[in-house]
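# An overview of the molecular structure
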Number of protein chains: 2
Amino acid sequence: MTVSTKDRILAVTEDLFGQHGFSATTLRDVTDRAGVNLASVNYHFGSKEALFMEMLRRRIEPINRKRIELLDEALRRSGGAPLSLEAIWDAILRPLGEAVTTTDGFDEKFLRLISQSLVERNEFFETAHQQFFTEFKERFSPELARSLPKMDPQEMTWRVYFSFSAMLGAIIQHQKIGRWFPFLENRGNVDNMIDRLINFIVAGLTNSRVGEVPNREEAEVRS
Amino acid sequence: MTVSTKDRILAVTEDLFGQHGFSATTLRDVTDRAGVNLASVNYHFGSKEALFMEMLRRRIEPINRKRIELLDEALRRSGGAPLSLEAIWDAILRPLGEAVTTTDGFDEKFLRLISQSLVERNEFFETAHQQFFTEFKERFSPELARSLPKMDPQEMTWRVYFSFSAMLGAIIQHQKIGRWFPFLENRGNVDNMIDRLINFIVAGLTNSRVGEVPNREEAEVRS
DNA sequence: GTCTATAGAACGATAGAC
DNA sequence: GTCTATCGTTCTATAGAC
């Protein structure tokens, strides 16, 4: 099967963007590595920015589509009743896990791509990501609220923010996990990590010490 | 009081690096904004990389120094007994909070700087950050283990990883918090956020469902 | 649709006067 | 220690032949 010039450019762009980011990746790097001509980028995509946007869009949109599918499916099975937090976060995390999983376990390349896209500071990237996130957040936030009906909305919003932070931080920092914790087992098993991450997040979300701040003097020595 | 050319270059470098990263920031941007000559960068710092390293080093090192000071102080007060998780995470988070706090509340500029430095992919940056983190992690990890003596080491390492992820994710994503959650109160109050983050992390760390993975079918409907 | 060739601008770094 | 001027390189983008 033949791979089109366009697809080869996109594949190489993903690699280099994941490794070096937008500014540090030049079109010459891309075209040289892809074995295509420099001018082909502008022919197929129009500009460097448009190329990078297309590369990002075609990876992220399917993930969010799948997330919403899983959420709808769970709601169908529950007959519309509030879902468990585990089910909600499973719908959020599992499609991401599938996207980064290959037969060899973690696809570090793809994880770097997602990571880099999350922290890219170019304005047009930020606008795109804002859109990606907003669509999916507006679908999930009400479900989280339904599953935690007694929680103060402000308290819940903070916790949801920390939950997303934990998820995104775990992705962004994942390349460092081996250097931080060299003896950590199973770090190539994405499903295992997601299971553990769901546990961590649900514990943080359901923490009973609502808004309570430990007294620093008294809290010093653990009972 | 006069501000030296060197200091003005460093100050502007912080701003621009926080906003655009290393590659997208040019020396001309820096020197133009600082009102100094282009050649002064190479005179004072030697190269673009050396300038950015010096800028980063002088901001991060004091934070880690303060963290270890706070930990030692807490241990002195406890007479060497294991600390509460709250006390440990207070020592980790509070110096960061102080560093980003000005009289106007959150110093978004500094938060962006830290955030950008965490995700910068240049090799010399990564090596430096690895060193910054390792020093401080090797001091704190044993204390966390002493405070959670009954926990399986593998389980604990995963949770500590998620805790750091939540912390770093909260910093990295902080610029987006207002767009994600427009009605969130207190988001300019760094001490308040840190208090809440400590609660979230401690709940995740002490979660009783050790290594237990919810059955996805049964977990679907929240009781 | 793919190529060569190049325009036009911006880059990091440095030489050398003051 | 600060300046001007500039070197040599590299960048995105495009014109135009095939």
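Residues numbered from 1 in each chain as written. Chains lettered and ligands numbered in written order. Predicted model: local features only at pLDDT ≥ 70, side-chain atom pairs only at ≥ 80, totals over all residues. Heavy atoms only, no water.

Turning next to the environment of Asn37 of chain A. Of note, Asn37 of chain A is situated in the loop between α2 (27–34) and α3 (39–44). Once the C-alpha coordinates of Asn37 of chain A and Leu27 of chain A are considered, the two residues, 10 residues apart in sequence, prove to be 9.9 Å apart. (Helix = DSSP H or I, 4+ residues; strand = E, 2+ residues; numbered from the N terminus.)

Moving on, we get to the protein's contact with DNA strand D. With respect to spatial proximity, 14 residues lie near DNA strand D, and among them Arg28 of chain A together with Thr5, Asn37, Tyr43 and His44 of chain B are the closest. Of all DNA strand D atoms lying within 4 Å of any protein atom, the proportion belonging to sugar or phosphate reaches 53%. Here a phosphate oxygen of DNA strand D and a side-chain polar atom of Tyr43 of chain B are 2.8 Å apart. For the surface near DNA strand D, the secondary structure elements donating two or more residues are α2 and α3 of chain A together with α3 (39–44) of chain B. Residue contributions to the surface near DNA strand D peak at three residues, all from α3 of chain B. For the surface near DNA strand D, the per-class residue count stands at five nonpolar, seven polar and two charged. (Near = heavy atom within 4 Å. Polar contact = N/O pair within 3.5 Å; in protein donor to acceptor, adjacent residues only side chain to side chain. Nonpolar A, V, L, I, M, F, W, Y, C, P; charged D, E, K, R; others polar.)

Turning next to the protein's contact with DNA strand C. In the neighbourhood of DNA strand C, 14 residues make up the surrounding shell, with Asn37, Tyr43 and His44 of chain A together with Thr26 and Arg28 of chain B lying closest. Atoms of DNA strand C within 4 Å of the protein belong to the sugar or the phosphate in 56% of instances, the rest to bases. Here a phosphate oxygen of DNA strand C and a side-chain polar atom of Tyr43 of chain A are 2.8 Å apart. Between Lys48 of chain B and DNA strand C, the recorded distance is 3.0 Å, taken from a backbone N or O atom to a phosphate oxygen. Among the elements that line the surface near DNA strand C, the one with the most residues is α3 of chain A, at three residues. Taken together, the residues of the surface near DNA strand C break down into five nonpolar, seven polar and two charged.

Now for the pattern of salt bridges. Tallied over the full model, the rule gives 28 salt bridges over all chains. Measuring nitrogen to oxygen at the nearest pair gives 2.5 Å for the salt bridge that ties Glu14 of chain B to Arg59 of chain B. Of this pair, Glu14 of chain B sits in helix α1 (residues 5–20) while Arg59 of chain B sits in helix α4 (residues 48–78), and the two are 45 residues apart along the sequence. Via salt bridges that share partners, Asp90, Arg94, Asp191 and Asp195 of chain A belong to a single interconnected network. (Salt bridge = Lys/Arg side-chain N within 4 Å of Asp/Glu carboxyl O.)

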